[in-house]
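# Understanding the architecture of this molecule
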Amino acid sequence: MLVKDMTEFKKIIENIEKNKDYIRPQAFAIGIATLAQNGTLLDCYFPSPNFQTNFATAAILANVLGYKNGTHSYQLTNEQITEILSYFTPFANDGKEHANIELLKNLQKIMQNPIKNRKAIVVSFITSSENDTGPKSVPDAYLRLHLLSHRFVKPHCINLTGIFNILPNVVWTSEGAIAAQDLNLRKMEAICEGRNLVVHSIDKFPRMTDYVTPTGVRIADASRVRLGAYLGDGTTVMHEGFVNFNAGCEGPNMIEGRISAGVFVKKGSDLGGGCSTMGTLSGGGNIIISIGENCLLGANSGLGIPLGDRCTIEAGLYITAGTKVLFNNTILKAKDFAGKNDILFRRNSQSGCIEAISKANSVELNTELHNN
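The name that an unreviewed UniProt entry assigns to the protein chain is 2,3,4,5-tetrahydropyridine-2,6-dicarboxylate N-succinyltransferase, with the source organism given as Fluviispira sanaruensis. As stated in UniProt under Subunit (unreviewed entry), the record for the protein chain gives "Homotrimer."

Now the structure itself:
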């Protein structure tokens, strides 16, 4: 249908949202998916995810696609895109930017030859958080990872339960995602056409920078940051730094060590070269490891407890929950210090005993390094 003016447009939205079965999604996005030769979805790129906003666009998409509520994903046909765009006629000459409308127009061009390009246009909706049970499809999983890397949500604030079972293992190349069974054919195509197809990795998760490039950050080696990482403004990730999905830092931060899955670092903290944090995927179990503000993990140190503000772990010292620590002439377990502020953990160079000492000074980052 062709909508004549804003009055008619608003009436349509009102009628859609009056439907007792319709519930506004918490998030939705329009994007482009890469297909394997057999039609399997390998990845999804969502240039402009929507989180708790643009509900009118969500309603139009829902009306055309038959979406009511819950977590669902759809592949769009060219005809459906044309129908969706017809609702937005009143916005054609209003002089404003409409990211979703422009995205649909641009993506529609891809449908001119979808088989050759091995692409599909997808829409994904995520239900309200209280009813969310985790990703149900590849587009759904990728939307959640995009929301993290776009800084719409912080680690542990969106459900990623079962994501490893949803995401396929993909060959990541200089020409994007390729299914393992299609790689030989694609390499032969590239050779015959004079191209050099380079394999970067084989993994379920791609590099973040191939999908999201957050503002105000520096990343020395893009392969060290997975999609689904949260990097706050002012973050620097050096060559030895690594940030997993559903993990990250508030910014500004200096990251020269490993931020494992599930770990979140607050502003002003410095992770020294080669240091490690114990993630929730292995070793950390159900304990969520976090690092407070203005902390320092020395080079090659390790952390297996939640750390409070202004704490330091000396270089080479790995603290786990069960580590025996001397504090005020009493032996405690390191987990007893979880979340405590102003603690220095060090190994006594004479006795070899691990000590915890109260301290007043805090770490200060070099501001020149983080003014991105």
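From this point, the narrative continues.
Along its length, the protein chain carries nine helices and 27 strands. Considered along the principal axes of its C-alpha atoms, the protein chain spans approximately 80 × 55 × 40 Å. Per-residue burial over the protein chain gives 49% buried out of 372 residues. Sequence separation of 24 or more characterises 53% of the internal contacts of the protein chain that already satisfy a separation of 6 or more.

The subject of this paragraph is the nonpolar core. Among the nonpolar cores identified, the biggest contains 70 residues, and Tyr 142, Ile 259 and Phe 345 are the most heavily contacted of them. Broken down by element, this core gets its largest block of residues, seven residues, from helix H6 (residues 138–149). Phe 345 has contacts with Ile 305, Leu 307, Thr 312, Ile 313, Glu 314, Leu 317, Ile 319, Phe 337, Glu 355 and Ala 356, leaving out every residue within four places of it along the chain. Formed by 32 residues, the second largest nonpolar core is a distinct cluster that contains Val 3, Leu 61, Leu 85 and Ile 101.

Tallied over the entire structure, the rule returns 17 aromatic pairs. Ring geometry for Phe 9 against Phe 88: centres 5.7 Å apart, planes inclined by 45 degrees, an arrangement best described as tilted. With Phe 9 in helix H1 (residues 6–18) and Phe 88 in the loop between helix H3 (78–87) and helix H4 (99–110), this pair connects stretches of sequence that are 79 residues apart. Taking 6.4 Å as the distance between ring centres and 85 degrees as the angle between the ring planes, the aromatic pair formed by Tyr 22 and Tyr 67 counts as edge-to-face. Of this pair, Tyr 22 sits in the loop between H1 and strand E1 (27–35) while Tyr 67 sits in the loop between helix H2 (55–65) and strand E4 (72–76), placing them 45 residues apart in sequence.

This part takes up the environment of Cys 192. One can find Cys 192 in helix H8 (residues 183–192). Here the alpha-carbon distance between Cys 192 and Ile 30, two residues 162 residues apart in the chain, equals 34 Å.

Here we come to the sheet that holds strand E8 (residues 199–203). The strands making up a sheet associate through backbone hydrogen bonding, with each pair oriented either parallel or antiparallel. Strand order across the open sheet formed by three strands is E7-E6-E8, with antiparallel pairing between neighbours. The outermost strands of the open sheet, each flanked by one partner alone, are strand E7 (176–178) and E8. Each strand axis lies, on average, 30 degrees off the axis of its neighbour in the sheet, ignoring direction.

Basis of the calculations
Residues numbered from 1 in each chain as written. Predicted model: local features only at pLDDT ≥ 70, side-chain atom pairs only at ≥ 80, totals over all residues. Heavy atoms only, no water. UniProt positions renumbered as here; feature names shortened; annotations may be inferred. Helix = DSSP H or I, 4+ residues; strand = E, 2+ residues; numbered from the N terminus. Buried < 20%, exposed > 50% of the residue type's maximum accessible area, 1.4 Å probe, protein only. Contact = heavy atoms within 4.5 Å. Core = buried A, V, L, I, M, F, W, Y, C linked by side-chain atoms within 4.5 Å. Phe/Tyr/Trp six-rings, centres within 6.5 Å; stacked < 30°, edge-to-face > 60°. Pairing = 2+ DSSP bridges. Axes fitted to C-alpha atoms, helices over the stretch in contact; angles between N-to-C directions.

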